[in-house]
Amino acid sequence: MACVRPVSPATGPALSAPVGAPVDAGLVRRLLQVARACALLVATVGVLVLIGWQADIGLFKTLRPGMGAMAPAAAVALVASAAALWLLQPRYDGSRWGWLGRALPWLVLAFNALTLAEYLLHVDLGIDQIVFRDVRHEVQTAYPGRMAIVTVLGFLQLSCALVLIGVRSRTAQRVARLVTLATGGLLLMGLLGFLYGKASLYAVPVFLGVALHLLLAQLLLAAGILAMQPSRGFATLLASAGAGGRLSRRLLPAAVLTPLVLGWLRLQGEHAGLYGAALGVDLMVVTMIAFFAALIWWNARLVDIADTRARLAQADVRRNAEEMRDLYERAPCGYHSLDADGVFVRINDTELAWLGYARDEVVGRLHLRELLTPASQAVFDALFPVFKTKYVLNDVELEMRRKDGSLLPVSASSTAVRDASGGYLMSRTTVFDITERRRAEQALREASEQARLRLAEIEQIYRYAPVGLFTFDREYRFVRINERMAQINGFAPDAHIGKSMWDIVPNLAPQLEQLYRPIYERGEPVLDVEIHGRTAGDPDHDHDWLGNFFPLTSDGAVIGLIGVVLDITERKRTEQALRESEAAVRALSLTDPLTGLANRRRLDEDLRGELHRVRRYGGQLSVIIADLDHFKRINDAHGHEVGDQLLHAFARILQGHCRDVDLAVRFGGEEFVLLMPEVDAAEARACAERIREALAAQHIAALTQPVTASFGVAELGAGETEADLLRRADQALYRAKATGRNRVVVAEAAIPAP
């Protein structure tokens, strides 16, 4: 017994291929979209009806009161049929969903066959109310919950059609379409009954109890089944890109809808008493004649326009043919055709111009072999018999001899023209003058040699460069390394290849892994980074290196990195020594060489900084200016050495009474300044008193009398500059001198500027 295999209803072999215009691919896609839309709408109707039965929502079960409700079993059949229609789409071919789509119609077919058997045998198998019980007999058929006979017949035919459209058989496909069309006609009769009055509908027993939305859903299902076969049957004409397809798409909707609408309007007019039955028929006939006459005129006009465009297109075709001939004859390459004996049967003007022959001298007279050099004749003799059986030759280089005896190097590619039985008729050969290519190839060979020499130079530079160069793969393994980098690491270059950095530089590997992360993760270079540590090249001493690392990419992905490393150990040592020297010079420039205290320059810098701090953040700042009493007399009487001892001793006293944040300064000669941040005038005065007392108690070996000092104290006032603060402190010092020396005087508070 022969086996039929399932096939896609839309993309399988054309079982009844149309003759004429090709199918419009865009319309085919749109028809398949229509099939999916129909399946979705039908499934939605079925689900809403089931919800209506579950939640007792009358609007979902019947469109309006007084109309029959849809049977629950019919709603289930709608959902199953819609699912089958959806799953029979080409996208599900060969999948489990596709097989489910082919199984569902059988279930619908079986259930409705049992229901039809109930009607015919007058039995109740109990299948009508499996899903929901029709307690109130809302389904207006003879049996509670049972589908109407027309519904059962519709499902039987539509499920048969769904089964048949998936079968690889011309007869099955044709039967599926005919069954669907017959079902559509039957359902359309039911719809007309609703439009023209249910009395006429229910007069036919098979329509008794049918629901309006069920008829509409089954009609949608039938439309979806027909749309599922856009490349077969009458749907082929609808999807055609030709004039017939355009006419059918324009006329078919009007042919279906116009009689329905006019018939309904006629009945409405009769019921309203506007006219009698005879006049209603007259009006309907006249209206239909006028409408279809206008429709035919409109379509005839469109066809005439299309015909005019076709004539213009034919003129374009002729013009294009002339252009193609011109393109053939004057193409920038040669064209010729050879018969089975290798004799020219066709040649274009371009190739004739290259060879210097007239057409009459070549076509039907010359054998291609006669135009070839001996070496090329051998190539032709070997390849032409093969070509006549294989039918294709590509890029065969030959040397042709012109009429004047000069040589023409060419590249030829050929395909064969075959007869109905597949035998060789003639060749189609394109010929390119490769004179310039030969010159370019020679130039390329010379350039390649130059490039090879340059690459050798680059290789030598890479190998012996004074900086370290290396390449890593994604696993931090050495792929390439030069002599200097190998020397830094302390291993021979060959010993690095295939080894990871944990094998070669284990002490530096954790640091380097963090350093390389931006390269591998984001493809970002890491530039001018300093690395510190030890390698096997010098395991006893720390070294410093400056590194630049770049991502190595392929097709946008990072496959490794390239490193450039310079040993900067000596440079770092030199820089450190220079920094220490600069720090020492700066310290000397800010220090008084005799006392070791800060000098006037240091005071100016720190005082400016403290004033800025107070102005920005608030706080207090006080200054003490001290002057040794009668220092000149001591200096004159005991000499500069004793004077220097006294200055040094007083400096130690100042340092002993300073906080870490205070600054003790030799202001000049025997005058000293103490800068005290976050100290008010009272605290500064107390500090000055302690210093004064400590000095008075200090014993200087060469002096018999105690040494005293006078102090001026000032606290920074609002809006004061550093010069204002020092001036007030200096004025207080002078008052201390004027009132007897050996005392502390606090300057009066500053008066803010108006």
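Our subject is the structure that appears above.
Everything quoted here is computed from the prediction, not taken from an experiment. (Residues numbered from 1 in each chain as written. Predicted model: local features only at pLDDT ≥ 70, side-chain atom pairs only at ≥ 80, totals over all residues. Heavy atoms only, no water.)

A. The overall build of the protein, seen in detail. A count of helices and strands for the protein gives 25 helices and 15 strands. In terms of its C-alpha atoms, the protein occupies a principal-axis envelope of roughly 155 × 100 × 55 Å. Every one of the 754 residues in the protein was classed for burial, and the buried ones make up 41%. Taken as a whole, the protein presents about 40300 Å² of accessible surface, with 60% of it coming from carbon and sulfur. Positive and negative side-chain charges of the protein, numbering 81 and 82 respectively, have mean locations separated by a distance of 11 Å. (Helix = DSSP H or I, 4+ residues; strand = E, 2+ residues; numbered from the N terminus. Buried < 20%, exposed > 50% of the residue type's maximum accessible area, 1.4 Å probe, protein only. Areas by Shrake-Rupley, 256 points an atom, 1.4 Å probe, with all protein chains shown as cover. Lys, Arg positive; Asp, Glu negative; His and termini not counted. Charge placed at Lys NZ, Arg CZ, Asp CG, Glu CD.)

B. Summary view of the packing of helix α21 (residues 600-617) against helix α25 (residues 722-738). At a minimum axis separation of 10 Å, α21 and α25 run at an interaxial angle of 110°. Classed by the angle they form, the pair α21 and α25 counts as roughly perpendicular. Here L607, R608 and L611 of α21 come into contact with α25, specifically with E722, L725 and L726. (Axes fitted to C-alpha atoms, helices over the stretch in contact; angles between N-to-C directions. Parallel < 35°, antiparallel > 145°, perpendicular 65-115°, else oblique. Contact = heavy atoms within 4.5 Å.)

C. Fine view of α21. Over its 18 residues, α21 extends 26 Å from the first C-alpha to the last, a length consistent with the 26 Å expected when each residue adds 1.5 Å. Of the residues making up α21, those classed as buried are L603, L607, E610, L611 and V614. Projection of α21 onto a plane perpendicular to its axis shows the buried side chains occupying an angular sector of 105°, all on one side. Among the exposed residues of α21, those oriented more than 90 degrees off its buried face are R616 and Y617. Its buried side turned inward, α21 meets β11 (621-628), β12 (663-668), β13 (671-677) and α25. Its side-chain oxygen placed 3.2 Å from the backbone nitrogen of R601, N599 serves as the N-cap of α21. (Expected span 1.5 Å × (residues − 1). Arc of directions from axis to C-beta. Polar contact = N/O pair within 3.5 Å; in protein donor to acceptor, adjacent residues only side chain to side chain.)

D. View of the pairing of strand β3 (residues 392-401). Both β3 and strand β4 (residues 407-418) contribute to a ladder of eight bridges, which runs antiparallel. Bridge pairing in β4 places L398 opposite V410. Taken together, β3 and the strand that follows it, β4, pair antiparallel across an intervening segment of five residues, in which G405 is found at a positive phi of about 95°. (Pairing = 2+ DSSP bridges.)

E. Representation of the nonpolar core in the model. Counting residues in each nonpolar core, the largest one holds 41 residues, and the members touching the most others are M70, F155 and I225. Among the secondary structure elements, those contributing two or more residues to this core are α1 (25-55), α3 (72-87), α4 (96-121), α5 (149-164) and α8 (212-227). Looking at which element gives the most residues to this core, the answer is α3, with nine residues. Contacts of F155, omitting those with residues within four sequence positions, involve A74, A77, L78, S81, V108, N112, M147, L214 and Q218. Formed by 31 residues, the second largest nonpolar core is a distinct cluster that contains L597, L647, I653 and I691. (Core = buried A, V, L, I, M, F, W, Y, C linked by side-chain atoms within 4.5 Å.)

F. Expanded view of a nonpolar patch on the surface. A contiguous nonpolar patch, built from V47, L48, I51, I57 and L59 and spanning about 390 Å² of accessible area, is present on the exposed surface. By residue number, the principal contributor to the nonpolar patch is α1, which donates three residues. With respect to the helices and strands, the residue I51 is situated in helix α1. By relative accessible area, I51 is classed as partly exposed at 37%. (Patch = residues over 30% accessible without salt bridge, like charges linked within 9 Å, V, L, I, M, F, W, Y side chains within 5 Å. Salt bridge = Lys/Arg side-chain N within 4 Å of Asp/Glu carboxyl O.)

No statement about biological role is implied by the geometric values presented.
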